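Listed here are the chains, written in short residue letters.
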Number of protein chains: 2
Amino acid sequence: MLNRIGKRTLIFKNRPSIGGYFSVVGNKEGEGPLNEWFDRILEDDKFGEESWEKAESKMVLTAVNGSLETATLTSGEIDLYLGGDLLNQCIATNYTLRELEIPFIGLYGACSTMAESLVVGATLIDGGFAQNLVCATTSHFCTAERQFRYPLEYGGQRPLTSQWTVTGAGATVLTNKSTSPYIAYATVGKVIDLGISDVNNMGAAMAPAACDTILAFFADTGFSKDDYDLILTGDLGKIGLEMLNKLLLDNDFDIKDKLNDCGCMIFDDKKQDTHCGGSGCGCAASVLNSTIIKSLKDGSLSRILFVATGALMSPTTTQQGESIPAIAHLLEIRN
Amino acid sequence: MLNRIGKRTLIFKNRPSIGGYFSVVGNKEGEGPLNEWFDRILEDDKFGEESWEKAESKMVLTAVNGSLETATLTSGEIDLYLGGDLLNQCIATNYTLRELEIPFIGLYGACSTMAESLVVGATLIDGGFAQNLVCATTSHFCTAERQFRYPLEYGGQRPLTSQWTVTGAGATVLTNKSTSPYIAYATVGKVIDLGISDVNNMGAAMAPAACDTILAFFADTGFSKDDYDLILTGDLGKIGLEMLNKLLLDNDFDIKDKLNDCGCMIFDDKKQDTHCGGSGCGCAASVLNSTIIKSLKDGSLSRILFVATGALMSPTTTQQGESIPAIAHLLEIRN
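About the thresholds
Residue positions are given per chain, counting from 1 as you read along its sequence in written order. Chain letters start at A and ligand numbers start at 1, both assigned in the order the entries are written. Per-residue local features are limited, in this predicted model, to residues with pLDDT of at least 70; the limit for side-chain atom pairs, both in listing and counting, is 80 or more; totals at the level of whole chains, interfaces and linings are taken over all residues. Hydrogens are left out, water is left out, and the side-chain values use all remaining heavy atoms of the structure. Per the convention used, a helix needs a DSSP run of H or I reaching at least four residues, while a strand needs a run of E reaching at least two, with both numbered from the N terminus. Note that the radius of gyration is over C-alpha atoms, with the globule rule given as 2.2 Å times the number of residues to the power 0.38. For the area figures, the Shrake-Rupley method with a 1.4 Å probe applies, and any residue is considered shielded solely by the protein chains shown. In this count, Lys and Arg are taken as positive residues and Asp and Glu as negative ones, while His and the chain termini are left out. To locate a charge, take NZ of a lysine, CZ of an arginine, CG of an aspartate or CD of a glutamate. Between 30 and 60 degrees the pair is tilted, below 30 it is stacked and above 60 it is edge-to-face, where a pair is any two Phe, Tyr or Trp rings, Trp via its six-membered ring, whose centres lie within 6.5 Å. Only protein chains enter the accessibility calculation, which uses a 1.4 Å probe; a residue whose area is less than 20% of its type maximum is buried, one above 50% is exposed, and one in between is partly exposed. Think of it as a cone above the ring: NZ of Lys or CZ of Arg counts as a charge over the ring if it is within 6 Å of the ring centre and within 35 degrees of the ring normal. For this analysis, a salt bridge means a side-chain nitrogen from Lys or Arg found within 4 Å of a carboxyl oxygen belonging to Asp or Glu. Only residues with pLDDT of at least 70 in both copies contribute their C-alpha atoms to the least-squares superposition of the copies. Any pair of residues with heavy atoms lying within 4.5 Å of one another is described as a contacting pair. Buried surface area refers to the total accessible area, computed with a probe of radius 1.4 Å, that the two partners give up upon joining, counted for both partners together. Polar contacts here mean pairs of N or O atoms no more than 3.5 Å apart (in protein, one a potential hydrogen donor and the other a potential acceptor; neighbouring residues in sequence count only if both atoms are side-chain atoms). For this scheme, ten residues count as nonpolar: Ala, Val, Leu, Ile, Met, Phe, Trp, Tyr, Cys and Pro. Four count as charged, namely Asp, Glu, Lys and Arg, and the remainder, Gly too, count as polar. A helix is expected to span 1.5 Å multiplied by its residue count minus one. Arc, as used here, means the arc of the directions from the helix axis to the C-beta atoms.

Novice: Requested: an account of the overall build of chain A, with residues and values cited.
Specialist: Summing up its helical and strand segments, chain A has 10 helices and 15 strands in all. The C-alpha atoms of chain A give a radius of gyration of 18 Å, which matches the 20 Å a tight globule of 335 residues would have. Along the longest, intermediate and shortest principal axes, the C-alpha atoms of chain A span 55 × 50 × 35 Å. Per element, the accessible surface of chain A, about 11000 Å² overall, is 47% carbon and sulfur. Both charge centroids of chain A, one from 27 positive and one from 41 negative side chains, sit 3 Å from each other.

Novice: An account of the packing of aromatic side chains is needed here, citing residue identities and associated values.
Specialist: Each aromatic ring pair is described using two quantities: the centre-to-centre distance and the angle formed by the ring planes. Counted by the stated rule, this structure contains 22 aromatic pairs over all chains. Ring geometry for B:Tyr81 versus B:Phe104: centroids 5.7 Å apart, planes at 80°, classification edge-to-face. Taken together, the residues span a long stretch of sequence, with B:Tyr81 in strand S5 (residues 80–85) and B:Phe104 in strand S6 (residues 104–106) at a distance of 23 residues. Accessibility assignment for this pair places B:Tyr81 and B:Phe104 in one class, buried. Judged by centre distance (4.0 Å) and plane angle (5°), the rings of B:Phe141 and B:Trp164 are stacked. Linking B:Phe141 in helix H5 (residues 141–148) with B:Trp164 in strand S8 (residues 164–165), this pair joins segments that are 23 residues apart in sequence. Put simply, the rings of A:Tyr185, A:Phe217, A:Phe218, A:Phe223, A:Tyr228 and A:Phe253 pair up and form one aromatic cluster. In this structure, A:Arg15 packs its charged tip against the face of A:Tyr182, placed 3.9 Å from the ring centre.

Novice: Describe the pattern of salt bridges, and please don't skip the residues or the numbers.
Specialist: Tallied over the entire structure, the rule returns 30 salt bridges over all chains. Here A:Lys294 and A:Asp39 are joined by a salt bridge, their closest N and O atoms 2.8 Å apart. Within this pair, whereas A:Lys294 is found in helix H9 (residues 281–297), its partner A:Asp39 is found in the loop between helix H1 (27–30) and strand S4 (40–41), the two being separated by 255 residues in sequence. A:Asp39 gets classed as partly exposed once you look at its relative accessible area, which sits at 32%. A salt bridge links B:Lys190 to A:Glu101, with the nearest nitrogen and oxygen atoms 3.3 Å apart. One end of the pair, B:Lys190, is in the loop between strand S10 (182–187) and helix H6 (202–221); the other, A:Glu101, is in the loop between helix H3 (91–97) and strand S6 (104–106), on a second chain. When salt bridges with common partners are traced through the structure, they connect A:Glu50, A:Lys54, A:Arg98, B:Asp193 and B:Glu322 into a single cluster.

Novice: So what's going on with the relation of the copies chain A and chain B? Which residues, and what values?
Specialist: Turning one copy of the chain about an axis and sliding it along that axis gives the other copy, so a rotation and a shift relate them. If you rotate chain A by 180° and push it 0.0 Å along the axis, it lands on chain B with an RMSD of 0.0 Å. Both copies are brought into coincidence by an operation consistent with a two-fold rotation axis. Taken as a fraction of all interface residues of chain A, those also at the interface in chain B reach 100%, which identifies the copy contact as same-surface.

Novice: Quick rundown of the interface of chain A and chain B? Include the residues and the values.
Specialist: The extent of an interface is frequently quoted as the accessible surface area lost upon association of the parts. Between chain A and chain B, the residue contacts involve 62 residues of the former and 62 residues of the latter. Buried surface at the junction of chain A and chain B, summed over both partners, amounts to about 4900 Å²; 58% is from carbon and sulfur atoms. In this structure, the connection of chain A to chain B is made through 10 salt bridges. On inspection of chain A and its partner chain B, the count reaches 36 residue pairs in polar contact (both at pLDDT 80 or more). Those elements that provide at least two residues to the side of chain A that touches chain B are strand S2 (9–11), helix H2 (52–70), H3, S6, helix H4 (113–126), helix H5 (141–148), helix H10 (315–319) and strand S15 (326–334) of chain A. Class assignment of the residues belonging to the side of chain A that touches chain B gives a composition of 31 nonpolar, 18 polar and 13 charged.

Novice: Quick rundown of helix H7 (residues 237–250) of chain A? Include the residues and the values.
Specialist: All names here are of chain A. The first and last C-alpha atoms of H7 sit 20 Å apart over 14 residues, in line with the 20 Å expected at 1.5 Å per residue. Among all positions of H7, only Gly237, Gly240, Leu241, Leu244, Asn245 and Leu248 are buried. Buried residues along H7 cover an arc of 140° about the axis, so they all sit on one side. Across H7 from its buried face, at more than 90 degrees, point the exposed residues Lys246 and Asp250. With its phi angle positive at about 55°, Asp252 sits one or two positions after the end of H7.

See below:
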């Protein structure tokens, strides 16, 4: 029998549950409105390492170890590690795995990686292929800027549509021991590209993908927006979130009162001068694994949709004049 | 109940089956010993496109469409696409997905991607999360050389330990309709790094990972090498395969008479001057989806292990003096 409802939405019958979670963020993120929710705030964005790449690796390792601690599990009790990051060949994650003796499934979903890893992780737990696994991702402002845009030393001016890549990491332990919160449904995203080619306007490139996945989920399940306390996108930022709302309204779907975005939540729009908000794998990962999961645990949230979005271009495709394909994966999480 | 045997090996009880398969290779690969097995051999490695990256995208799209045809399925009947490639941010695959309306799970496992996608795909079919899905990957000599080593125009001399990145793609359709061949077991790899830092000796970097996964599989299952017609590694090449054999012998495990390697099979060692053989995601993908699956279908092979290996470094980590982490994922395929 298929564990699916409608065309694209997966049902989890065995309550793949969130047993552990941990968030690590950089200095700037730690000065933002979610300050009190993060488990660890770095004073030094190099985290005592020689390079930003090594700092990024150390962040995700710290998040993974923290999530194991909250789950009261050792790394020997973790069957699988699912994750990836923004760097070429996902090196922040690959090099972290050298420190952990855990079988590894490497993923690339750009900034959607936190949701992607939880979707695949939930199927593996639900299908009986793992007892405990960890899903994790990370991003770092300094590694991302020099890889995707300009070297920091160049001091390029950021357009007003741009988002600030979050220095942060998050990790979630999924377990087959039924607890709260748990993952009830998931919708895997399609690649959507409406022709946006401005790498300083990622929100606009990703909004159509979020719209497609959200509409697919509600069409598949027949649920209503009123069933949810929050419909949280990954890192569309201010412009992207407005565009998503417009696209949904064009489809006669008004969920504005439920919508929020990790990229809009993580920085203070007025005081922190990030322009359109946060982005990067670490944005959705650190927000989910701090305020969101903690609020699901304490009951202040009871049923949410988490829709992390990713922009799937590279500097090579940008230089070759290509537009930006995007994707969004969705999870329903309940307490 | 857990669908697992031993510590790391997954059991598939519902016969996730290979319903379709297709291989595309470049000119040089088409002149090699597997010439008659490939479904499509390109005359022009640019495949009529403006750039090598676009040619690589078109190769994997051709392989996917070919695999759907052999499975007599339309893209609308495919629930999921699992795959990735070697390029930064997996762009060959991401851009292909724009042409296909299929929900997408992006993977990064370097040259292990064909096996990684089949491992995840088999769990999704077996767990009832998909009816049909496609697993695919690709690599291109020209995109890989300029990204990982030198621009082709530089004309750098290749050391004798180096392998030749295969221009090729392969795609496999997995289905829940029981047919032959099918996937019986899988072992997910761990990241292993014994300190090799020479990017022109990838076989040496990857052999310890292959050794770890093969030993884990036999320890978990208690099977013997005599149960198998062939134990096929992904792209260790000549030196890597010799090293794997030595490492296995150090563990009192003699399977030399069963071992072969896709990188050793795809080129003619004497005539084609590739030094240590083939490598790249497309190497294991095109060999598996041609001679191997066809031989399983016609009964000349009946039970094999397919162990694709991947080297998980990037030019950035190489320049920062890091060694090369590697991984190997294993599948048992039966007819």
